[in-house]
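# Architecture and fold: a report
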Amino acid sequence: QLQLVESGGGLVQAGDSLRVSCAASGRTFSSYAMAWFRQAPGKEREFVAAMTWSGGSTYYAPSVKGRFTISRDNAKNTVYLQMNSLKPEDTAVYYCAASLRGSGINYQGAYNYWGQGTQVTVSA
């Protein structure tokens, strides 16, 4: 079992930076691929970024590539999403998720564990 708790969301202006965090409980955190998804009002949840259990590979949605960076600290059981050059269209609830799969980790179906989400709002 793994429990995930996101934090760090908030209200920022376009062009600002923000880092959201996801703390995991459980001693096997390092075995999980981790990802961030987001859901904007009236839209379906979409993939943002993912990282393999080893941290050796990362994947990004085209809309955030070059602006967002996913990272993890296995000693702290935490995964981060650094978001730079934020745009109003980045406004959404951001969810972290965990998967034991080694491939296909940019798909929601790969994930067994989800956090409750943290709101990120970017004003124009």
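See above for the structure.
Anyway, here's the lowdown on the structure attached to this text. All values reported here derive from a predicted model rather than from experimental measurement.

As a further point, take the nonpolar core. Membership of the largest hydrophobic core comes to 38 residues, with the highest contact counts inside it found for L4, W36, L81, M83 and Y94. When contributions to this core are tallied by element, the ones reaching two or more residues are β3 (18-25), β4 (33-39), β5 (46-51), β7 (68-73), β8 (78-83), β9 (92-99) and β11 (118-123).

This paragraph deals with the packing of aromatic side chains. Following the criterion strictly, the structure yields 5 aromatic pairs and no others. For the ring pair F37 and Y111, a centre distance of 5.4 Å and an interplane angle of 75 degrees mean the geometry is edge-to-face. You can see F37 sitting in strand β4 and its partner Y111 sitting in the loop between β9 and β10 (113-114), a full 74 residues away along the chain. Each member of the pair, F37 together with Y111, is buried. For the ring pair Y111 and W114, a centre distance of 6.2 Å and an interplane angle of 65 degrees mean the geometry is edge-to-face. Of the residues examined, Y111 reaches a relative accessible area of 6% and is grouped as buried. With relative accessibility at 25%, the residue W114 sits in the partly exposed group. An aromatic cluster is built from F37, F47, Y111 and W114, whose rings are joined through pairwise contacts. Positioned above the aromatic ring of Y95, the side-chain terminus of R45 is 5.2 Å from the ring centre. Lying over the aromatic face of F29, R72 brings its terminal NZ or CZ to 4.7 Å of the ring centre.

Attention shifts here to the side chain of S99. Examined against the element boundaries, S99 turns out to sit in strand β9. A distance of 3.0 Å separates the side chain of S99 from the backbone nitrogen of R101, its partner in a polar contact. Only 2.6 Å separates the side chain of S99 from the backbone oxygen of A110, close enough to count as a polar contact. Ignoring sequence-local partners within four residues, the contact set of S99 consists of S31, Y32, A33, A110, Y111 and N112.

The rules we used
- All residue numbers refer to position in the chain's written sequence, counted from 1.
- Residues qualify for local features only when their pLDDT is at least 70, as the model is predicted, and side-chain atom pairs are given and counted only at 80 or more; totals for whole chains, interfaces and linings, by contrast, use all residues.
- Each side-chain value is derived from all of the structure's non-hydrogen atoms; neither hydrogens nor water enter the calculation.
- In this text, buried Ala, Val, Leu, Ile, Met, Phe, Trp, Tyr and Cys residues form a nonpolar core when linked through side-chain atoms within 4.5 Å.
- Throughout this description, buried means an accessible area under 20% of the type-specific maximum (1.4 Å probe, protein chains only), exposed means over 50%, and partly exposed covers the range between.
- Numbering of helices and strands starts at the N terminus; helices are DSSP runs of H or I of at least 4 residues and strands are runs of E of at least 2.
- Between 30 and 60 degrees the pair is tilted, below 30 it is stacked and above 60 it is edge-to-face, where a pair is any two Phe, Tyr or Trp rings, Trp via its six-membered ring, whose centres lie within 6.5 Å.
- Remark: a charge is flagged as sitting over a ring if the NZ atom of Lys or the CZ atom of Arg is within 6 Å of the ring centre and within 35 degrees of the ring normal.
- Polar contacts, as used here, are pairs of N or O atoms within 3.5 Å; protein pairs need one atom able to donate a hydrogen and one able to accept it. Residues neighboring in sequence count only if both atoms are side-chain atoms.
- In this description, contact between two residues means that some pair of their heavy atoms is separated by no more than 4.5 Å.

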